[in-house]
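# Notes for the structure review
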Amino acid sequence: MSSNQIQSLSGFRDFFPEELSSRRHIFSAWRRVCERYGFSEYDGPPLEPLELYTRKSGDGIVGQLYEFEDKGGRPVALRPEMTPTFARMIALRAAALPKPIRWFSIPQLFRYERPQRGRLREHFQLNMDIVGETNFLADAEIIAAGIDALRELGLNKSHIRVRVSDRRLMVSLLDAIGVAGASHHAVFNTLDRLDKRPRDEIAKELQGIVSDQEVAGRILELTERSISQLQDEFADHESVVKAADDLVGVLGCLEKSGLEGYAEFDASLVRGLAYYTGTVFEIWEREGQLRAICGGGRYDDLLQALGGVDLPAVGFGMGDVVLSELLKEHQLMPAEVGCVDDYIVCVSEEERATALKVAHSLRDSGRRVTQDLQSRKVSRQLKAANQAGAERAIILGAEELSRGMVLVKDLESGEEQEVPLDSLTDRKG
RNA sequence: GUGGGCGUAGCUCAGCUGGUUAGAGCGCCGGAUUGUGGUUCCGGAGGUCGCGGGUUCGACUCCCGUCGCUCACCCCA
């Protein structure tokens, strides 16, 4: 690249036709699945008042925002996530909408952070949310939809797995073993790093938080328990039992749906986000170094905090960057489809008028048609037709036209057939 | 914000411990006797070797800086 050329900003992508084709492949699969689940698509502004993000998300996020003052001096930010916008929109209509509300969106989101594998400064993210339903059936439905959004793209349980846990369960477990409520958040943040830090380092950190070696050890042990082990071990703790029952219910729903073998309980899953109140889940590549493809959970208090409407909600976000890499890795990204059906070949400029007429008639009938624009020799035109991926070449030559015929060549088989010119140009209107 | 790796044609790369007109494959454009592509053969265009400075008789090659890309950390929607 020459040095005087202006390049795109770091972390932002150009979508050449090939990449846009991949993007459309993903988006259309997502939309098909959302519609099958009875979700309605919405969208909001990509630029929002800065306050929408600072008010409840805390200051942590502000450093990673694309934020500036607009010409009217208003602090604004490119949306880093969809949930605040979603919350506002839900709040505006909540009273009128039948519950539960099932909405989805595929916003482009922005984050000012150092780009790295699977994370850019801009990405598209499928958001699916169910609002107004506390029953765990909603949680199960959301997880199932997330799985299906990936199955629709050719991934299955051999590629992906869903880690599921529950904030209420983990909170009541911490209570049960005597960890003070004030420490819960710090404990979660530490456990969140379990898969990238040595275990003894995590143990030390936990000791620092709870200042008790034995309790720290018990926390670590909890992360390895199965759900039934926890149910047995804490059978006399009502809140643990209740939370475990719901979790078992969610996992059971997935099995009953036919999505067995995807999801498993994982007590080490916390997710950094503070606003989750119940089920949390992440979808990961089964044996890869890639980060989570999808993450979500239940957030029953957030709509109240952000939008002022007290409604429970459960949802997830699924980004396109990691997913694209995964699909390419497994050769699940289809080749770019041809964008031309018919290529009009003129043997000489004498046939141009006929070519224009044929091209337009075919286009009116819905065919995708291209013609050569510079009267190149026939061999070049056929080569161009081939490169364009055309299904057939319509060859217009003086000899055939004098008999009212044209040559239609099948570019796949190479076979040629004479057909009457009228059969290509006759149409209504 | 911190640290590692890397910057040579559109793409993937070669270029030995510094030596004079910087190469290949693919792609692109064109030609192979007048109306037939996807194979083949031939030819062509295209690079201030990221940028700036330094060392040297001489730098794509060494040193410094800078910008960019990339991977990881921090953080995580």
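Residues numbered from 1 in each chain as written. Chains lettered and ligands numbered in written order. Predicted model: local features only at pLDDT ≥ 70, side-chain atom pairs only at ≥ 80, totals over all residues. Heavy atoms only, no water.

### What to know about the environment of F27
Note the cut-off: Numbered from the N terminus, helices here are DSSP runs of H or I no shorter than four residues, and strands are runs of E no shorter than two. Whether two residues touch is decided by their heavy atoms; if any such pair falls within 4.5 Å, the residues are in contact.
For F27, the position within the fold is in helix 1 (residues 17–36). F27 sits 98 residues away from Q125 along the chain, and the two C-alpha atoms are 9.6 Å apart. Discounting residues that sit within four places of it in the chain, F27 has contacts with I106 and F124.

### Observations regarding a negative patch on the surface
To be explicit about the condition: By definition, no residue in a patch forms a salt bridge, and every one has over 30% relative accessible area; like charges are joined within 9 Å, nonpolar side chains (Val, Leu, Ile, Met, Phe, Trp, Tyr) within 5 Å. The method behind every accessible area is Shrake-Rupley, applied with a 1.4 Å probe, and residues are considered shielded solely by the protein chains displayed. Should a side-chain nitrogen of Lys or Arg be within 4 Å of a carboxyl oxygen of Asp or Glu, the pair is scored as a salt bridge. A positive count includes Lys and Arg, and a negative count includes Asp and Glu. His and the chain ends are not counted in either. Note that the charge is assigned to NZ on lysines, CZ on arginines, CG on aspartates and CD on glutamates. Here the term buried applies to any residue with accessible area under 20% of the maximum for its type, exposed to any over 50%, and partly exposed to those in between, with areas from a 1.4 Å probe on protein chains only.
Residues D14, E18, E19 and E336 make up a contiguous surface patch of negative charge. On the accessibility criterion, D14 (48% relative accessible area) is partly exposed.

### Some thoughts on the domain arrangement of chain A
Applied cut-off: Residue ranges labeled as domains rest on an automatic or database domain assignment.
Examined at the domain level, chain A breaks down into domain 1 (17–329) and domain 2 (342–425). Each of domain 1 and domain 2 has a C-alpha centre, and these two points are 54 Å apart.

### Quick look at the confidence of the model for chain A
Heads up, the rule is: What pLDDT expresses is the predictor's confidence in each residue, scored from 0 to 100.
Here chain A shows a mean pLDDT of 89. Residues at 70 or above account for 95%. Both confidence scores are given for the complex: pTM 0.91, ipTM 0.85.

### Comments concerning the packing of aromatic side chains
Operational definition: Working definition: a ring pair exists when centres of Phe, Tyr or Trp rings (six-membered ring for Trp) sit within 6.5 Å. Plane angles under 30 degrees give stacked, over 60 give edge-to-face, the rest tilted.
Per the stated rule, a full pass over the model turns up twelve aromatic pairs. Here the aromatic rings of F86 and W103 are separated by 6.1 Å at their centres, their planes lie at 70°, and the arrangement is edge-to-face. Note that F86 is positioned in helix 3 (residues 83–93) and W103 in strand 5 (residues 101–105), a separation of 17 residues in sequence. A relative accessible area of 1% means that F86 is categorised as buried. By relative accessible area, W103 is classed as buried at 14%. Between Y275 and Y276, the ring centres sit 5.1 Å apart and the planes meet at 50°, which makes this aromatic pair tilted.

### Some details on the sheet that holds strand 3 (residues 67–69)
Stated formally: Strands qualify as paired when DSSP identifies two bridges or more between them. Inter-axis angles, ranging from 0 to 180 degrees, are taken between N-to-C directions of lines fitted to C-alpha atoms, where helices are fitted over the stretch in contact.
Taken in spatial order, the three strands line up as 2-4-3 in an open sheet, and their pairing is antiparallel. In this open sheet, the two strands that pair with only one neighbour each are strand 2 (47–49) and strand 3. Across the sheet, the mean angle from the axis of one strand to that of its neighbour is 35°, orientation sign disregarded. As defined by bridge partners, strand 2 adjoins strand 4 (residues 75–78) across three bridges and the pair is classed as antiparallel. Its bridge partner being in strand 4, L47 is matched across the sheet by L78.

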